Amino acid sequence: MNRTQSKDEIQPSYVIDSENAPGVNTKDTIPKDGKVDVISGAQVQSKSKAERLFVARLDFILLVYVCVSQIIKGLDQQNVSAAYVSGMKEEDLNIQANEYNYFTTYFNVGYAVFVIPSQIMMTWTRPSWWLPGLEFTWGVLTIVFFFAKNVKEIYALRALVGAFEASAYPGAVFLLSSWFTPSELALRISFYHSSQWTLGSLVTHSVGSGLQAAIYEGLDGKSGIRGWRWMFLIDGIMTIIVAGLGFVLIPDYPSNPNPRAFWLKDRHGKLAQDRSLRYPRADNKKFNRYAIARAFKQPQLYLFPIFYMTAQLAQQGYLYFNLFLKSLKNPDGTAVWSVAQVNALPMVGYAISIVLVWGWGWASDYFQTRWAIIFAQAVLGLIPGIIMSVWNVPMGAKYFSYFLSFSFIATSPPLFAWLSDRTPHDSEMRAFIIGCCTATWYGVNSWANVLIWPAKEAPHYRVGWKLTVGMWLFVMLEIWLIRFVDIKYVRPRNQKIGQELYEDQVQHVPHAIDDDADVTLDNKQVQDGLEVVPVQSRR
């Protein structure tokens, strides 16, 4: 039954920071386990049971769905290489070696061109329509590979698939940043990130390879159709099924929940809005020319895309572990590692990276720091870079360097969480900058790795490892620069906007108390007598 509570009965979402408000007695209001929100400077209480259950619901539905979608995306990307060695190369389409390399180039170009428009569309339409709609389309395009007759058609299809897949990673990161708070976000992005680069690699190289092989062996020649064509058909059908689930599992935004999301009740929407208010974070608005103007006036637009691109380039050495293993010979000229072992050993590295990616994300959230986590990864990145640059070292040191390289495939989660922290009151700019980060990386990656890590130089890359050292040092410099700008300019501005946003909106957002209680509080009462005082954070 609804009732109005007195100020003494209400547990406020914000309490005064006693260190910055001398003379105010807060001993009875600040919980012992309370933490300071590093964006607004407000002391935030620990989660209620209702909020913990809500976060678990988001984890088991939203987070699991985007992770499964990303794994299916990895299978779709692997099917080209699987088809290439299963008859598409010469027997059917007469594809030459250089033409195969162009498959990746066309994919990256399509991805880089479309990613920013896709991020803008995320603010104009419901993600529950946009993201599954694009996934459905690239599922259909994957099926169209079944009918490909020449290499030019493959080029066109790869460019289109890259364009439609451009929505997946940045769109999911933006969606997660809309529902999870700063103390939860990095770990969730870590789970999602691992589903693409680490767990996804394990699935696509083990389960995926086995699936592709089973399809090829079981269906090759069926109805007079080659096995590699059946691969595309079945992968496309799987993608369409996962896309269909997205229409009801993606929750859209807290202020405008997906009406088809049966798992998201009205009380959950109110609780999500209350969480946004507590931290305080602006919900989604439509992207327009003013958002572009704001973005170009903010340092985040110029700092984070270069930061992201450099960090991604710096960690690429692990990708060439299999070429290193393949090059090793015994004194009698025989291979040290069999073909199966060459494929299996990098999987050990990916398994290590899964644990570490999650660990880095957890540490970023728990200690409420982003820059320190990325800086620690950069320091670790220098070790294999230096060892492999010297090269004339014991073989054990080379193995150690490659396995260590898998430990910092984890800069993205704290980096995007940091970007989210810096843009709490402008979700449109956040979506735009995430798109710029991804577009910059794919634009550079479409040509950079070929020059930095040329296959003909394997296993000793004359330039690659030296550039790794230089890029990790540059990442450290970028961390210092972003943190300097953050402390001097961005953080004070965000804290000021945050306090104004809280004071303006607190009376309009229903305050969710308990899953089982039908109680709506007048949040203006929560605001009365309280003050949000900015404090310096550790981030």
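The structure contained in this document is the topic of the report that follows.

Cut-off values and rules
Residues numbered from 1 in each chain as written. Predicted model: local features only at pLDDT ≥ 70, side-chain atom pairs only at ≥ 80, totals over all residues. Heavy atoms only, no water. Helix = DSSP H or I, 4+ residues; strand = E, 2+ residues; numbered from the N terminus. Contact = heavy atoms within 4.5 Å. Areas by Shrake-Rupley, 256 points an atom, 1.4 Å probe, with all protein chains shown as cover. Buried < 20%, exposed > 50% of the residue type's maximum accessible area, 1.4 Å probe, protein only. Patch = residues over 30% accessible without salt bridge, like charges linked within 9 Å, V, L, I, M, F, W, Y side chains within 5 Å. Salt bridge = Lys/Arg side-chain N within 4 Å of Asp/Glu carboxyl O. Phe/Tyr/Trp six-rings, centres within 6.5 Å; stacked < 30°, edge-to-face > 60°. Lys NZ or Arg CZ within 6 Å of the ring centre and 35° of its normal. Axes fitted to C-alpha atoms, helices over the stretch in contact; angles between N-to-C directions. Nonpolar A, V, L, I, M, F, W, Y, C, P; charged D, E, K, R; others polar. Polar contact = N/O pair within 3.5 Å; in protein donor to acceptor, adjacent residues only side chain to side chain. Expected span 1.5 Å × (residues − 1).

### A few points about the overall build of the protein
Phase 1 of the analysis: Across its full length, the protein holds 19 helices and five strands.
Phase 2 of the analysis: Considering only contacts in the protein between residues 6 or more positions apart, those separated by 24 or more positions represent 80%.
Phase 3 of the analysis: When the accessible area of the protein is evaluated, it comes to approximately 22,900 Å², of which 63% is carbon and sulfur surface.

### Looking at the environment of I71
Phase 1 of the analysis: Within the secondary structure, I71 sits in helix α1 (residues 49-92).
Phase 2 of the analysis: A residue is classified by how much of its surface remains accessible, and I71, at 17% relative accessible area, is buried.
Phase 3 of the analysis: Along the sequence, I71 and Q196 sit 125 residues apart, while their C-alpha atoms lie 6.1 Å from each other.

### Some thoughts on a nonpolar patch on the surface
Phase 1 of the analysis: The grouping of I306, F474, L477, W480, L481 and F484 at the surface amounts to a nonpolar patch, some 590 Å² of accessible area in total.
Phase 2 of the analysis: Examining the composition of the nonpolar patch, we find that five residues originate from one element, helix α18 (residues 464-505), more than from any other.
Phase 3 of the analysis: With respect to the element layout, W480 can be found in helix α18.

### What about unusual backbone geometry?
Phase 1 of the analysis: Going from A458 to P459, the amide bond is cis rather than trans, its omega being 10 degrees.
Phase 2 of the analysis: Within the secondary structure, P459 is located in the loop between α17 (427-452) and α18.
Phase 3 of the analysis: We note that D252 has phi near 65 degrees; this positive angle belongs to a residue other than glycine.
Phase 4 of the analysis: Looking at the element boundaries, D252 is found in strand β4 (residues 252-253).
Phase 5 of the analysis: Residues other than glycine seldom take positive phi values, yet Q368 does so here, at roughly 50 degrees.
Phase 6 of the analysis: Tracing the backbone through its elements, the reader meets Q368 in the loop between α13 (339-366) and α14 (371-390).

### Notes on the environment of V248
Phase 1 of the analysis: Within the fold, V248 resides in helix α8 (residues 227-249).
Phase 2 of the analysis: Taking the C-alpha atoms as reference points, V248 and S128, separated by 120 residues in sequence, lie 7.2 Å from one another.
Phase 3 of the analysis: The contact partners of V248, leaving out residues within four places of it in the chain, are N258, R260, A261, F262 and W263.

### Observations concerning the packing of aromatic side chains
The geometry of an aromatic ring pair comes down to the distance between the two centres and the angle between the two planes.
Phase 1 of the analysis: Here the structure, examined in full by the defined rule, presents 39 aromatic pairs.
Phase 2 of the analysis: Lying over the aromatic face of W129, R260 brings its terminal NZ or CZ to 4.2 Å of the ring centre.
Phase 3 of the analysis: If you follow K398 out to its NZ or CZ, it ends over the ring of W391, 3.6 Å from the centre.

### Some thoughts on the packing of α13 against α14
Phase 1 of the analysis: For the pair α13 and α14, interaxial distance at closest approach is 10 Å and the crossing angle is 145 degrees. For the pair α13 and α14, contact is made by W360, A363 and S364 and by I373, A376, Q377 and L380, respectively.
Phase 2 of the analysis: In the contact of α13 with α14, the residues fall into five nonpolar, two polar and no charged.

### Describing the side chain of R275
Phase 1 of the analysis: Tracing the backbone shows R275 in helix α9 (residues 266-278).
Phase 2 of the analysis: By relative accessible area, R275 is classed as buried at 2%.
Phase 3 of the analysis: At 3.1 Å, the side chain of R275 forms a polar contact with the backbone oxygen of W179.
Phase 4 of the analysis: Look past the residues within four positions of R275 in its chain and what remains in contact with it is K47, E51, F54, V55, W179, F180, T181 and E184.

### A word on helix α3 (residues 127-144)
Phase 1 of the analysis: For α3, spanning 18 residues, the distance from its first C-alpha to its last is 25 Å, which sits close to the expected 26 Å at 1.5 Å a residue.
Phase 2 of the analysis: Three or more residues of α3 are buried, namely P127, S128, W130, L131, P132, L134, E135, W138, G139, L141, T142 and I143.

### Remarks on the pattern of salt bridges
Between side chains of opposite charge, a pair can form as their charged atoms come close.
Phase 1 of the analysis: By the definition in use, this model includes 13 salt bridges.
Phase 2 of the analysis: Across the salt bridge formed by D426 and R294, the nearest N and O atoms sit 2.6 Å from each other. One end of the pair, D426, is in the loop between α16 (412-422) and α17; the other, R294, is in helix α10 (residues 289-297), with 132 residues separating them in the sequence.
Phase 3 of the analysis: Since its relative accessible area comes to 30%, R294 is described here as partly exposed.

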